[in-house]
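# Tertiary structure, described
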Amino acid sequence: MVFLSFVYRFVTNFAFMAMVYFSLNFLEKYQNRAIVAILVLVYTGMRAASTLRAFYFFQKIEKLEAETKRLQAPINDGAGGTSTRKQIVTDVARLRRDGELKSYMDLFFLALIVLLCVANIMRQ
């Protein structure tokens, strides 16, 4: 499932980039092409801001992971559910790492889309 989530994220980002590319290249009038490019730039900016905010969230989760591991060390000396707690911390760390990778993938495609839009605005 993890691999499929990466494939899904790649396919959706690539489809969005292809849609922007073809829509900008098939518009004949410069004014229409510039309007569409500016609208896509606004949308891309909003998505980039959301993705960057997610990185702040991932940093907070990472701090919580470190704090949980620190607090869990004395508890591990006693018995009772420590393997379950360790598994939960491991799962959260894996999900955070996967989320960061997906965010990097999003930012890469958003940067490519910005380049496409700027190139089409500059082209006459």
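Quick notes on the rules
- Residues numbered from 1 in each chain as written.
- Predicted model: local features only at pLDDT ≥ 70, side-chain atom pairs only at ≥ 80, totals over all residues.
- Heavy atoms only, no water.
- UniProt positions renumbered as here; feature names shortened; annotations may be inferred.
- Helix = DSSP H or I, 4+ residues; strand = E, 2+ residues; numbered from the N terminus.
- Patch = residues over 30% accessible without salt bridge, like charges linked within 9 Å, V, L, I, M, F, W, Y side chains within 5 Å.
- Areas by Shrake-Rupley, 256 points an atom, 1.4 Å probe, with all protein chains shown as cover.
- Salt bridge = Lys/Arg side-chain N within 4 Å of Asp/Glu carboxyl O.
- Phe/Tyr/Trp six-rings, centres within 6.5 Å; stacked < 30°, edge-to-face > 60°.
- Buried < 20%, exposed > 50% of the residue type's maximum accessible area, 1.4 Å probe, protein only.
- Lys NZ or Arg CZ within 6 Å of the ring centre and 35° of its normal.

With numbering aligned to this structure, UniProt lists the feature "transmembrane region" (unreviewed entry) at residues 6–27, 34–58 and 104–122. Secondary structure over residues 34–58 splits into 100% helix and 0% strand, and the C-alpha atoms at its two ends are 36 Å apart. Between the first and last C-alpha atoms of residues 104–122 the distance is 27 Å; the span itself is 100% helix and 0% strand.

Turning next to a nonpolar patch on the surface. A surface patch of nonpolar side chains, amounting to about 790 Å² of accessible area, comprises M1, F3, L4, V7, F10, V11 and F14. Here F10 is to be found in helix α1 (residues 2–26).

Now for the packing of aromatic side chains. According to the stated counting rule, one finds nine aromatic pairs in the structure shown. Look at F10 and F14: their rings are 6.1 Å apart centre to centre, the planes differ by 15°, and that puts the pair in the stacked class. Here F14 and F10 lie together in helix α1, a separation of four residues that amounts to about one turn. A relative accessible area of 43% means that F10 is categorised as partly exposed. Ring geometry for F10 and F109: centres 5.4 Å apart, planes at 70°, overall edge-to-face. Of this pair, F10 sits in helix α1 while F109 sits in helix α3 (residues 82–122); the two residues are 99 residues apart in sequence, bridging distant segments of the chain. A relative accessible area of 5% means that F109 is categorised as buried. Through a chain of ring-to-ring contacts, three or more aromatic side chains come together here, namely F10, F14, F108 and F109. A cation sits over an aromatic face here: K102 above F6, 5.7 Å from the ring centre.

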